[in-house]
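Topology and contacts: notes
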Protein chains: 2
Amino acid sequence: MRVQLPAIILPRKTGERRHGNKDNNFVSKNLHAERKRRKKLSDRLLVLRSLVPIITNMNKATIIEDAITYIQELQKTSDDLSEELREMEASSEGGGKQMEMEGDAADEMEKCGIKEEIKVTYIDGNTLLIKIVLQKKRGCFTKLIETMDYLGFELSETSVTTFKGAMLFSSCVHGKFVDALMIEQTELLLDMIRSKEGNTC
Amino acid sequence: MRVQLPAIILPRKTGERRHGNKDNNFVSKNLHAERKRRKKLSDRLLVLRSLVPIITNMNKATIIEDAITYIQELQKTSDDLSEELREMEASSEGGGKQMEMEGDAADEMEKCGIKEEIKVTYIDGNTLLIKIVLQKKRGCFTKLIETMDYLGFELSETSVTTFKGAMLFSSCVHGKFVDALMIEQTELLLDMIRSKEGNTC
DNA sequence: CGCAACACGTGAAAC
DNA sequence: TGTTTCACGTGTTGC
């Protein structure tokens, strides 16, 4: 094998033909251009070689050959990865069936004139009565409970009923409430639950 | 731009120098070898070009240049995909946090002497009173409801309370019950809910 | 020695 | 027109 440093190619001084041209001034106009072109090509090949991890030989031809096989490998692995990811996403979404069911639930709710809503009734500084109507989705109850927990609400006398694709949640919650503060943030609370639904499956 | 068919390159007949060599027999032995080498290199470049989707120009230099950018793109997308996949795998395992929380819930339940159980009280041929204590897990409520729905149970007067990592579910369900049949299958029902829990996140 | 790989200068075709 | 790109044959070098 040719002994050559990986990065620094020592340019061979071969073929330097000092051809004794008769007309020394007209040494062909494109000489410089051709040199530049060759240099550009060599540099490009060098960059290409630096990108390919496995280099069997330093030959120009083998550099390109290795680049070819490397591109093929990359394409294959890329395809495999994207397919694997696609499968993973598909299985992670719980199947389109679930989505359709949720869509049906929304339709059913709309057909029956049920709308998502949240109503907070202030009892006293430590007690609220919360009523929430949500589209019935997988895990929505857990997300709701988690939101309540995140807000520091302690649930008691909780009741849940589902019908016509909707879920009615009503609960007497205990905590330190600053009067009407939370009551005015009901929409925010609803958004929190909704966003939490969107985050996980 | 050079007019050239994408796939079939018509070989230029340029530079065919019929140099009037004095010694016609010794036209330099490496002529054939050099031709073969050039052809090999050209062919490799052709293959490389066929692999790169975006080709700005047919030039040798630009072919390599495009290949370089393409390889860089492939490497980047490959890295991105693998990282995305890694994240997805990590989050798809339910997250160690969630597992830990569920484990904590189980510990807390055990510490408080609460055990998972199901108790079915027969009211009449159309009504049952069901009480279920389950470990509080993400989505367990939905799974429970789905199981009820699968069994053809119609829920009414449903109440849910969570405490100490456990979830208490009690409901008055309506349906066509064949007396004690379902009552004896309570363990089966519990297993169904548990297995449903295991299926999804 | 031959073999393989390379850079070079050059004529010509394409733009 | 001139510029660019190409293939060619060759001299040369390292193995």
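Source: prediction; values computed, not measured.

Turning our attention to the overall build of chain A. A tally of regular secondary structure across chain A gives six helices and four strands. When the helices and strands of chain A are read in sequence order from the N terminus, they spell out α-α-α-β-β-α-β-β-α-α. Expressed as a percentage of its 201 residues, the buried residues of chain A come to 32%. Sequence-distant contacts, at least 24 apart, represent 58% of the contacts inside chain A between residues at least 6 apart. When the accessible surface of chain A is totalled, it reaches about 13,200 Å², and 53% of it is carbon and sulfur.

All names here are of chain B. The end-to-end C-alpha distance of helix H1 (residues 30-51) is 31 Å, a good match for the 32 Å that 22 residues give at a rise of 1.5 Å each. Within H1, burial applies to Leu41, Leu45, Leu48, Arg49 and Leu51. Projected down its long axis, H1 shows its buried positions confined to an angular sector of 160°, all on one face. Among the exposed residues of H1, those pointing more than 90 degrees away from its buried face are His32, Arg35, Lys36, Lys39 and Ser50.

With that settled, the discussion passes to the confidence of the model for chain A. In this model, chain A carries an average pLDDT of 74, and 72% of its residues clear a pLDDT of 70 or more. Taking the mean pLDDT of every element in chain A, the minimum, 60, falls on helix H5 (residues 181-184) of chain A and the maximum, 91, on helix H1 (residues 31-51) of chain A.

On to the nonpolar core, then. With 40 residues, the main nonpolar core has Ile132 and Phe169 of chain A together with Ile132 and Phe169 of chain B as its most contacted residues. Dropping the residues within four chain positions of it, phenylalanine 169 of chain A is found in contact with Ile130, Lys131, Ile132, Phe141, Leu144, Ile145, Met148, Leu155, Thr158, Ser159 and Val160 of chain A. Within the second largest apolar cluster, 24 residues are counted, among which are Leu51, Ile64 and Ile68 of chain A together with Ala67 of chain B.

Turning our eyes to something else, we now look at the interface of chain B and chain A. Across the boundary between the two partners, chain B contributes 44 residues, which contact 47 residues of chain A. Buried surface at the junction of chain B and chain A, summed over both partners, amounts to about 4,100 Å²; 72% is from carbon and sulfur atoms. Two residues, arginine 44 of chain B and glutamate 65 of chain A, come together in a salt bridge whose shortest N-O distance is 3.1 Å. Taken together, chain B and chain A are joined by six residue pairs in polar contact (both at pLDDT 80 or more). The set of elements that each furnish at least two residues to the side of chain B that touches chain A consists of H1, helix H2 (60-92), helix H4 (140-150) and strand E3 (154-163) of chain B. It is H2 of chain B that provides the largest number of residues to the side of chain B that touches chain A, a total of 20 residues. Its residues assigned to classes, the side of chain B that touches chain A comprises 21 nonpolar, eleven polar and twelve charged.

All names here are of chain A. You can see glutamine 135 is positioned in strand E2 (residues 127-135). Owing to a relative accessible area of 16%, glutamine 135 belongs among the buried residues under this scheme. For the pair glutamine 135 and arginine 194, spaced 59 residues apart in the sequence, the C-alpha separation amounts to 9.7 Å.

Along an α-helix, residues three or four apart share an orientation, since each turn contains 3.6 residues. All names here are of chain A. Of all the eleven residues making up helix H4 (residues 140-150), nine are buried; the element is thus mostly covered by neighbouring parts of the structure. If you check which residues of H4 are buried, you get Cys140, Phe141, Thr142, Lys143, Leu144, Ile145, Glu146, Thr147 and Met148. Looking one or two residues beyond H4, the residue adopting positive phi is glycine 152, at roughly 80°.

About the cut-offs
Residues numbered from 1 in each chain as written. Chains lettered and ligands numbered in written order. Predicted model: local features only at pLDDT ≥ 70, side-chain atom pairs only at ≥ 80, totals over all residues. Heavy atoms only, no water. Helix = DSSP H or I, 4+ residues; strand = E, 2+ residues; numbered from the N terminus. Buried < 20%, exposed > 50% of the residue type's maximum accessible area, 1.4 Å probe, protein only. Contact = heavy atoms within 4.5 Å. Areas by Shrake-Rupley, 256 points an atom, 1.4 Å probe, with all protein chains shown as cover. Expected span 1.5 Å × (residues − 1). Arc of directions from axis to C-beta. pLDDT = per-residue confidence, 0-100. Core = buried A, V, L, I, M, F, W, Y, C linked by side-chain atoms within 4.5 Å. Buried area = accessible area lost by both parts, 1.4 Å probe. Salt bridge = Lys/Arg side-chain N within 4 Å of Asp/Glu carboxyl O. Polar contact = N/O pair within 3.5 Å; in protein donor to acceptor, adjacent residues only side chain to side chain. Nonpolar A, V, L, I, M, F, W, Y, C, P; charged D, E, K, R; others polar.

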